[in-house]
Amino acid sequence: MITISETAQGHFRKLLSQQPEGTRIRVFVVNPGTPNAECGVSYCPPDAVDHDDTHLPFEGFEAVVDPQSAPFLEAADIDFVSDQMGSQLTLKAPNAKMGKVPDDAPLADRIEYVLQSQINPGLASHGGKVVLTEITEDGLAILQFGGGCNGCSMVDYTLKEGIEKQLLELFPGELTGVRDATEHERGDHSYY
């Protein structure tokens, strides 16, 4: 479910050595399965462990996950990175905003999953997002850009060289192309 790097495990062991006996690490998602999902890591004292928590044993400590967060933490990675600027704990959970869909799910669901888990996190750094509005009979995915993508001069490049290439590679034979349904003019509707 969750991969914790050796450096992150060492960091957790050091932190937990300063906590009361039996304290664990809790990994969780607030607002799982929504665009506002946020992942977190906290201490979990022994009296806060619930009977339905998933227990993940690691060398020298245990992590626990509540049942509501568990499906959204599939394929999550926790790392601890140090460089000349300092140290940082990172938690990447590609399924936090939308639970992983099965490989045999309808094409629209699988495309929406890729948009939410892989493409929108990159667009969000510029205040943008994209959603699937429809799939035409001839296999075109019609996408609606929003936020910072409105009025952006790079949207055509993002669509053709980024999103379309990625989706065609992931869904060969099912998808024939990607089109933009959004009007990209600067104006009152634009986010700057």
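These figures come from a predicted structure and were not determined experimentally.

### A few points about the UniProt feature "domain: Core" (unreviewed entry) in the protein
Here is step 1: The sites that carry the UniProt feature "domain: Core" (unreviewed entry) are, in the present numbering, residues 2–98.
Here is step 2: For residues 2–98, the helix share is 11%, the strand share is 43%, and the end-to-end C-alpha distance is 16 Å.

### Here we look at the sheet that holds strand β8 (residues 128–135)
Think of a sheet as strands paired side by side through backbone hydrogen bonds, with each pair either parallel or antiparallel.
Here is step 1: The strand order across the open sheet built from three strands is β8-β9-β10, with neighbouring strands paired in mixed fashion. Of all the strands in the sheet, the pair left with one neighbour each is β8 and β10 (177–180). Taken pair by pair, the neighbouring strands of this sheet meet at an average axis angle of 35°, ignoring direction.
Here is step 2: In this structure, β8 lies alongside strand β9 (residues 140–147), joined through seven bridges in antiparallel fashion. Considered in β9, the bridge of I135 is made with A141.

### Observations concerning the side chain of R26
Here is step 1: Structurally, R26 can be placed in strand β2 (residues 24–30).
Here is step 2: Within polar-contact distance, the side chain of R26 engages the backbone oxygen of A48 at 3.1 Å.
Here is step 3: Within polar-contact distance, the side chain of R26 engages the side chain of D53 at 2.6 Å.
Here is step 4: The contacts of R26, once residues within four sequence positions are left out, are G40, V41, S42, C44, A48, V49, D50, D53, V64, V65 and D66.

Cut-offs used in this document
Residues numbered from 1 in each chain as written. Predicted model: local features only at pLDDT ≥ 70, side-chain atom pairs only at ≥ 80, totals over all residues. Heavy atoms only, no water. UniProt positions renumbered as here; feature names shortened; annotations may be inferred. Helix = DSSP H or I, 4+ residues; strand = E, 2+ residues; numbered from the N terminus. Pairing = 2+ DSSP bridges. Axes fitted to C-alpha atoms, helices over the stretch in contact; angles between N-to-C directions. Polar contact = N/O pair within 3.5 Å; in protein donor to acceptor, adjacent residues only side chain to side chain. Contact = heavy atoms within 4.5 Å.

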